[in-house]
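# Working through the structure, step by step
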Amino acid sequence: MSFLPIEPTGKEFDFICITGDAYVDHPSFGNAIISRLIESLGFSVGIISQPRFDTSADIIRMGKPKYAYMITSGNIDSMVAHYTSAKKRRSDDPYSPDNKAGLRPDRAAIIYSKLVREAYPDVSVVLGGLEASLRRFAHYDYWDDTVMPSILEDSGADILIYGMGEHQTTEIVSRLAGGEAISEITDIRGTCYLCEPINTPIGNTVNCPSYKAVSTDKREYAKAAKLQYDWQDEVYGKTILQRQSTKILVQNPPALSLTTEELDRIYELPFMRDYHPVYESAGGVDAIKEVKFSITHNRGCFGNCNFCSITLHQGRKITSRSKESIVKEAIKLTKMPDFKGYIHDVGGPTANFRKPSCDNQLTHGLCKGKKCLAPEICANLTADHSEYLDILRTLRELPGVKKVFIRSGIRYDYLIADKNDEFFRELVAHHISGQLKVAPEHCSNAVLDKMGKPHIESYIAFQKKFYKLTGKAGKEQYLVPYLMSSHPGSTLADALELALFLKANRLRPEQVQDFYPTPGTISTAMFYTGLDPYTLEEVYIAKTPEEKALQRALLQYYNPKNAELVKKALKLLHRTDLFVEFGIKENNPKFKDKTLWQGNHGNRNAEGRKRRRAN
């Protein structure tokens with residue numbers, strides 16, 4: 001492989017990969033997996049990382065590939081990389097050297113494709129990665145506050161890989177090398193392409209409301225979102241058709257998940273597990289820090305939260321690596337010169353998922369329009385942590401390993417559904433670095449229903465058991481809850497309900513995330529349309545910056561900086577009776593009781609520890 005900005009050798013590459021991230025050769029980076037996979041198939045690969053986007057000069061420097069360009073904006077959507085949920089420009093980018101912002105363009109996948117077309121009009125262009133995957137249909141774009149057509153139309157690419165792309169990439173590169181024109185490659189699962197209406201495929205298809213319909217009628221947009229999710233299953237999924245401006249977008253059914261053996265082979269490719277040395281003088285690439293000594297053991301998530309992109313990208317079916325492969329990777333970590341004895345994570349989209357949620361889905365697919373864990377746990381769910389626990393026990397005993405942490409998300413509802421407490425006990429005893437991050441997101445069951453999350457009673461049961469087991473283990477450990485304000489369905493009264501819940505439970509979240517309408521999710525469809533795609537009932541939407549600020553302030557009522565906003569929110573809700581409860585003084589809105597602001601959250605102070613032990 002060759003990589004710009006190092007001067008190219010002048011040889012012709014079979015394929016050239018373009019990415020909006022700095023070049024990090026680690027399996028947590030999609031570009032690294034795809035480039036290593038293509039290389040393993042016997043092809044030469046060039047990599048252009050963060051090319052200049054005001055000119056095609058960097059594209060031309062590496063020459064035209066023999067077969068195709070493979071383009072991705074990077075590990076995350078370029079607009080999310082650049083802007084906060086308040087649409088303010090971010091000042092840093094952990095996927096760039098020295099955290100420097102601005103090294104990739106807005107809408108990077110489109111811009112890179114156009115630069116390639118400018119340099120080589122007749123070259124084959126394949127889009128992939130998260131940005132392309134979630135923008136494959138006509139979609140609401142939060143940043144321009146408009147509905148945009150499929151990214152295939154705007155980019156001019158030939159074919160789009162959606163989801164995890166190993167199967168699709170293998171077939172595309174092999175068929176291109178075999179002499180097949182990219183325009184003829186229209187039957188690969190997990191891909192999309194555009195065609196003239198006269199060439200629209202027939203049979204086993206689903207017609208989705210057109211780009212014109214969804215951009216002019218919000219009810220049609222909601223219907224389209226439901227269709228796109230309903231048929232996102234590798235067992236019963238059908239080809240989905242959606243007319244764009246003039247052509248038809250054809251989405252073939254999802255790719256089949258990788259088998260355990262295939263997944264093992266991917267993670268055993270010869271990754272260097274670090275950023276390219278050219279970035280050393282700039283201080284490296286921060287995005288590697290959390291994952292360098294982490295191990296991915298699974299893919300997919302049957303949690304299926306409405307605000308999460310995983311369902312439409314990785315899918316709901318769980319696939320896992322073998323224990324042998326995971327242990328082999330852990331041993332490699334222990335041999336790395338800067339390994340200090342700590343494996344930072346053994347996880348994935350959801351760390352404690354190892355198997356499908358039930359046996360039925362293997363032959364029938366995952367239930368259409370239903371969730372395995374919400375609002376209540378499905379009676380068919382199989383909650384079993386035994387295999388995961390066995391892996392963790394083995395890793396803990398490896399020579400050179402001091403501690404194995406779990407830092408990616410734990411589904412607490414799935415955890416407490418397991419009648420065997422062994423994993424929970426050992427999680428508390430061995431795999432937490434003082435804090436366990438969990439995501440109740442809210443406490444209002446009406447809001448949680450719109451999020452696709454379990455009801456709050458599930459979190460309360462988990463919290464009680466966590467602190468009981470922590471006490472028995474003689475440890476001082478805390479839960480760090482992730483919370484979201486202003487999600488569709490959340491009113492100011494719901495935010496107050498959550499604030500009172502947090503106060504009653506002595507929880508002080510360090511960060512509160514405003515709902516971020518990213519492309520493709522069910523929650524984003526609600527935000528844009530004001531409708532629930534599955535019922536077509538109206539949903540309350542907090543859209544003004546002021547109301548969003550008020551909801552967020554209530555969740556961090558203890559911060560003196562939020563005093564005026566909390567006071568205003570309580571007045572709007574006619575709950576001035578809560579001024580004393582929240583430390584608000586009518587004549588002086590600033591907090592005077594400094595004990596309300598001790599550390600990052602109340603569970604850390606001595607008084608909080610004393611009360612919790614008493615309980």
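Since the structure is predicted, the reported quantities are computational estimates derived from the model, not experimental observations.

Each helix and strand counted, the protein has 23 helices and 23 strands in total. Its C-alpha radius of gyration of 25 Å places the protein within 12% of the 25 Å reference for a compact globule of 615 residues. Based on the C-alpha atoms only, the size of the protein along its principal axes is roughly 75 × 60 × 50 Å. For the protein, the share of sequence-separated contacts (at least 6 apart) that also reach a separation of at least 24 residues comes to 74%. Here the protein has roughly 25300 Å² of accessible surface; of this, 51% comes from carbon and sulfur atoms. Side-chain charges in the protein split into 82 positive and 75 negative, and the spacing between the mean points of these groups amounts to 6 Å.

Turning our attention to the pattern of salt bridges. Under the definition given, this model contains 40 salt bridges. Residues Asp 21 and Arg 104 are paired through a salt bridge, measuring 2.8 Å at the closest nitrogen-oxygen approach. A residue pair is termed long-range when its members are at least 10 positions apart, and Asp 21 in the loop between strand 2 (15-19) and strand 3 (24-25) and Arg 104 in the loop between helix 3 (78-82) and helix 4 (108-119) qualify at 83 residues. A salt bridge links Lys 328 to Glu 268; the nearest nitrogen and oxygen atoms lie 3.9 Å apart. Linking Lys 328 in helix 12 (residues 323-335) with Glu 268 in the loop between helix 10 (260-267) and strand 14 (274-275), this pair joins segments that are 60 residues apart in sequence. We classify Glu 268 as partly exposed; its relative accessible area is 32%. Among the charged side chains, a salt-bridge network with shared partners connects Asp 77, Arg 107, Arg 135, Asp 141 and Asp 144.

Our focus in this paragraph is the environment of Leu 448. Secondary-structure assignment places Leu 448 in helix 17 (residues 445-451). Considered as a pair, Leu 448 and Ala 287 are 161 residues apart in the sequence and their alpha carbons are 31 Å apart. Dropping the residues within four chain positions of it, Leu 448 is found in contact with Pro 440, His 442, Cys 443, Lys 453, Pro 454, His 455 and Ile 456.

Our next topic: the sheet that holds strand 21 (residues 435-441). Strand order in the open sheet made by the 3 strands is 21-22-23, with parallel pairing throughout. In the strand order of this sheet, the two ends are held by strand 21 and strand 23 (512-514), each with one partner. Adjacent strand axes in the sheet meet at a mean angle of 25 degrees when their direction is disregarded. Across 3 bridges, strand 22 (residues 478-485) lies against strand 23 in parallel orientation. Residue Met 484 lies in a different strand from strand 23, and its bridge partner there is Gln 513.

Along its 12 residues, helix 4 runs 16 Å from first to last C-alpha, staying within 8% of the 16 Å computed at 1.5 Å per residue. Where burial is concerned, most of helix 4 is hidden: 9 out of the 12 residues are buried. Among the residues of helix 4, Ala 108, Ala 109, Ile 110, Tyr 112, Ser 113, Leu 115, Val 116, Arg 117 and Ala 119 are the ones counted as buried.

In this section: the environment of Thr 205. Within the secondary structure, Thr 205 is located in strand 11 (residues 205-208). In this structure Thr 205 comes out as partly exposed when scored by relative accessible area, which is 24%. Between the C-alpha atoms of Thr 205 and Phe 3, which are 202 residues apart in sequence, the distance is 41 Å.

Relative to the 18 Å expected for 13 residues at 1.5 Å per residue, helix 12 spans 19 Å between its end C-alpha atoms, a close match to the ideal helical length. Listed as buried for helix 12 are Ser 325, Ile 326, Val 327, Glu 329, Ala 330 and Leu 333.

On to unusual backbone geometry. Peptide bonds are mostly trans, and most non-glycine residues show a negative phi. Here Ala 374 and Pro 375 are connected by a cis peptide whose omega angle stands at -5 degrees. The phi dihedral of Arg 107 is positive, around 50 degrees, even though this residue is not glycine. By the secondary structure assignment, Arg 107 is in the loop between helix 3 and helix 4. With a phi close to 70 degrees, Glu 441 is a non-glycine residue in the positive phi region. Turning to its location among the elements, Glu 441 is positioned in strand 21.

Among the surface-exposed residues, Arg 425, Lys 464, Lys 468 and Lys 472 lie close enough to one another that they form a single positively charged patch. As for its placement among the helices and strands, Lys 472 is situated in helix 18 (residues 456-472).

A few words now on the confidence of the model for the protein. Low pLDDT means the predicted coordinates in that region are not meant to be read closely. For the protein, the average pLDDT comes to 93, and 94% of its residues sit at 70 or higher. Confidence drops under a pLDDT of 50 for residues 588-615, and excluding neighbours within four residues, the segment shows 55 contacts in the predicted structure.

Tallied over the full model, the rule gives 28 aromatic pairs. Plain terms: the ring middles of Tyr 221 and Tyr 528 are 5.1 Å apart, the flat faces sit at 65 degrees to each other, and that makes the pair edge-to-face. Of this pair, Tyr 221 sits in helix 9 (residues 218-230) while Tyr 528 sits in helix 20 (residues 522-529), placing them 307 residues apart in sequence. Across the pair, exposure class does not vary: Tyr 221 and Tyr 528 are buried alike. On the numbers, 6.0 Å between centres and 50 degrees between planes, the contact of Phe 515 with Phe 527 is tilted. Residue Phe 515 is located in the loop between strand 23 and helix 20, and its partner Phe 527 is located in helix 20; the two are separated by 12 residues in the primary sequence. A relative accessible area of 3% means that Phe 515 is categorised as buried. An aromatic cluster of at least three residues, connected via ring pairs, comprises Tyr 140, Tyr 142, Trp 143, Tyr 221, Phe 515, Tyr 516, Phe 527 and Tyr 528. When the ring centre of Tyr 162 is taken as origin, the NZ or CZ atom of Arg 136, which lies over that ring, is 4.0 Å away.

Another aspect to go through is the side chain of Lys 292. In this fold, Lys 292 is placed in the loop between strand 14 and strand 15 (294-296). Overall, Lys 292 belongs to the buried group, its relative accessible area being 11%. Reaching out from Lys 292, the side chain makes a polar contact with the side chain of Asp 338 at a distance of 2.5 Å. Contacts of Lys 292, omitting those with residues within four sequence positions, involve His 26, Arg 273, Asp 274, Leu 333, Met 336 and Asp 338.

Cut-offs used in this document
Residues numbered from 1 in each chain as written. Predicted model: local features only at pLDDT ≥ 70, side-chain atom pairs only at ≥ 80, totals over all residues. Heavy atoms only, no water. Helix = DSSP H or I, 4+ residues; strand = E, 2+ residues; numbered from the N terminus. Rg over C-alpha atoms; globule rule 2.2 N^0.38 Å. Contact = heavy atoms within 4.5 Å. Areas by Shrake-Rupley, 256 points an atom, 1.4 Å probe, with all protein chains shown as cover. Lys, Arg positive; Asp, Glu negative; His and termini not counted. Charge placed at Lys NZ, Arg CZ, Asp CG, Glu CD. Salt bridge = Lys/Arg side-chain N within 4 Å of Asp/Glu carboxyl O. Buried < 20%, exposed > 50% of the residue type's maximum accessible area, 1.4 Å probe, protein only. Pairing = 2+ DSSP bridges. Axes fitted to C-alpha atoms, helices over the stretch in contact; angles between N-to-C directions. Expected span 1.5 Å × (residues − 1). Patch = residues over 30% accessible without salt bridge, like charges linked within 9 Å, V, L, I, M, F, W, Y side chains within 5 Å. pLDDT = per-residue confidence, 0-100. Phe/Tyr/Trp six-rings, centres within 6.5 Å; stacked < 30°, edge-to-face > 60°. Lys NZ or Arg CZ within 6 Å of the ring centre and 35° of its normal. Polar contact = N/O pair within 3.5 Å; in protein donor to acceptor, adjacent residues only side chain to side chain.

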